[in-house]
Structures are given as structure tokens and as C-alpha cells.
Amino acid sequence: MQRKILSLNPDLIVTTAAFAEAMEGGYDALSQIAPTIVVEQYNDPIKDVEMFGDILGKQEEAKQWNEQFAAKIAEYKEKVSPYVSDDETFSILNVRPDALFVYGDTNMGGNIIYKYLGLKPAAKVETDVIKGETWEISAEVVPEYIGDRLFLAVTEGSDEHLKDVQKLIQQSPAGKAGKVYSIDFDKFLMSDPISLEKQLDIVVDILTENE
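Everything in this summary refers to the structure shown in the same document.

Conventions adopted
- Residues numbered from 1 in each chain as written.
- Predicted model: local features only at pLDDT ≥ 70, side-chain atom pairs only at ≥ 80, totals over all residues.
- Heavy atoms only, no water.
- Helix = DSSP H or I, 4+ residues; strand = E, 2+ residues; numbered from the N terminus.
- Buried < 20%, exposed > 50% of the residue type's maximum accessible area, 1.4 Å probe, protein only.
- Contact = heavy atoms within 4.5 Å.
- Expected span 1.5 Å × (residues − 1).
- Arc of directions from axis to C-beta.
- Pairing = 2+ DSSP bridges.
- Axes fitted to C-alpha atoms, helices over the stretch in contact; angles between N-to-C directions.
- Parallel < 35°, antiparallel > 145°, perpendicular 65-115°, else oblique.
- Left-handed = near helix turned anticlockwise from the far one by under 90°.
- Core = buried A, V, L, I, M, F, W, Y, C linked by side-chain atoms within 4.5 Å.

1. Some remarks on the side chain of K72
And step 1. Looking at the secondary structure, you find K72 in helix α5 (residues 59–80).
And step 2. The class for K72 is buried, based on a relative accessible area of 16%.
And step 3. K72 has contacts with E197, L200 and D201, leaving out every residue within four places of it along the chain.

Have a look at this one:
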């Protein structure tokens, strides 16, 4: 990884503490390649853009992007509103070859669905994931975390595991109502501002085209 970063010949390296610690040589090794700033990852495009605006001296550009993003959110909330009932609940499930993950309001589209569009999480998603520390779950409790609608991300190589989980999904409210939506794990893994804008488009298209 260090060699790959070096080959990019960066003028500035912005990283998180976790990534710096995972690098061989840590912060010192990175700072020998280029000036290095360690930042907190907010998983929130508005805060992240503000932060980078301050780092790069681009506060005005950051302000403009945030204003445009806020306007887009407001427009899309209005667009989705006729298609979603106030009491409908949502969940995000990721099936991996050897694990199952439920997402809250920080990534895998959760910030878009819950935080920005203001859609309601399933009860146990709210208590255990968003307000708690649950992330990985066992198969037998899958139905407890699925609400009226489910966004399902299946990681490559998970077909066999999905067969078992699929039976549980079909028994859930979302499964019975036919409101299980497949999302691309790779497209929804990232939480940077550009990725989030694309995720917003995808989520809104799903909700307005599947009704």
C-alpha cells in the first residue's frame, strides 16, 4: 500500500487514524511521502465537505456544494413522500459469505435513507444499531431486524449463504409484501460525498419506480 501511495506522487495525504495505524510505519511513513493530515471520518457529506473546505482553503466552494446538496435532499424528500407511508419501516441488510450485517444511519445507504430522506428504521434497527452497537447478527434473528421494506446488498461469493437467508427474508414483512430491493454492495460501500449523491439517486429511483 505504501508503494502504491508513493507512486501517486501526492502533494497532500488526508487519512484517518485507523488507516494510518494500519499502514506499515504508520503516520511517520505517510508523512515521509507527503505532508499528512489525520482527520475524523464523519460519514456525513455535509461535515466532510466543510472539513475539506477548511483544509484546502476552499470554504466558499464547500458552502456551495452543501447548499446544492441540501436543496437536492429537500427536492427528493418531496419526490419520495407520495410513495412512502409515514409508518412504513426500513432496513438495510448485507449478506456476506460468512456473515450478516445490519446497517444504521452512517453507511451502506443508511445516511441517505434514515438521516437525509428521513425514512423510519425498523424498531430493532433504531434501538440496537443506530442507538446501540449491534452490527453483525446471526441468521436466526434476521426477521427481527427487517421492516416493511428492505434494501439488500449481497457481497460477491455469497450465493450459498443467501439461499438460507432468503427463506427468512421471505417470511418478513418486506418479503411478504414484495418490497425487497437489491442494491450493489460496491456502489453503496463508500460514504464520500460523490458516492452519496449517486446513492441518493439510486434509492429515490428504487422507491419511486417500484410502486
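2. A closer look at the environment of K47
And step 1. Position of K47 among the secondary structure elements: in helix α4 (residues 45–56).
And step 2. Looking at K47, the relative accessible area reads 44%, which means it is partly exposed.
And step 3. The spatial distance from the C-alpha of K47 to the C-alpha of N66 is 9.0 Å, given a sequence separation of 19 residues.

3. Concerning helix α9 (residues 159–170)
Each turn of an α-helix holds 3.6 residues, which means side chains three or four residues apart point in the same direction.
And step 1. In a regular helix each residue adds 1.5 Å, so 12 residues correspond to 16 Å; α9 covers 16 Å between its end C-alpha atoms and thus fits that length.
And step 2. Residues H161, L162, V165, L168 and I169 constitute the buried set of α9. The buried residues of α9 occupy an angular sector of 115 degrees when the element is viewed end-on, so they sit on one face. Along α9, the residues that are exposed and aim more than 90 degrees away from the buried face are D159, E160, K163 and K167.
And step 3. Buried residues in α9 make contact with β3 (89–96), β4 (99–102), α8 (142–145), β7 (149–154), α10 (173–177) and β8 (180–183).

4. Notes on the environment of I46
And step 1. With respect to the secondary-structure elements, I46 resides in helix α4.
And step 2. Here I46 falls in the partly exposed class, since its relative accessible area comes to 28%.
And step 3. Taking the C-alpha atoms as reference points, I46 and D186, 140 residues apart in sequence, are found 22 Å from one another.

5. Observations concerning the pairing of β3
And step 1. Within β3, 7 of the 8 residues are buried, which leaves the element mostly enclosed by the surrounding structure.
And step 2. As paired elements, β3 and strand β5 (residues 120–121) share 2 bridges and run parallel to each other. Looking at β5, one finds that F90 is bridged to P121.
And step 3. Two elements, β3 and β7, share 6 bridges in a ladder whose sense is parallel. Residue pairing for β7: V95 is matched across the bridge by V154.
And step 4. Looking at chain direction, β3 and β4 are connected through 4 bridges and run antiparallel. Bridged to N94 within β4 is F101.
And step 5. In this antiparallel pair of consecutive strands, β3 and β4, the connection spans 2 residues.

6. Regarding the packing of α4 against α5
In helix packing, the relevant descriptors are the interaxial angle and the interaxial distance, both defined with respect to the helix axes.
And step 1. α5 packs onto α4 with a crossing angle of 165 degrees between their chain directions and a minimal axis gap of 8 Å. Looking at the two axes, α4 sits roughly antiparallel to α5. Seen along the crossing, α4 lies across α5 with a hand that is right-handed. Within the contact between the two elements, α4 uses P45, I46, V49, E50, G53 and D54 and α5 uses Q59, A62, W65, N66 and F69.

7. Details of the nonpolar core
And step 1. Grouped together as the largest cluster of nonpolar side chains are 50 residues, with contacts concentrated most on L93 and F151.
And step 2. Once residues within four sequence positions are removed from consideration, L93 is found in contact with F101, V102, I137, V142, L150, F151, L152, A153, V165 and I169.
And step 3. A20, M23, L30 and I33 belong to the second largest nonpolar core, which has 7 residues in total.

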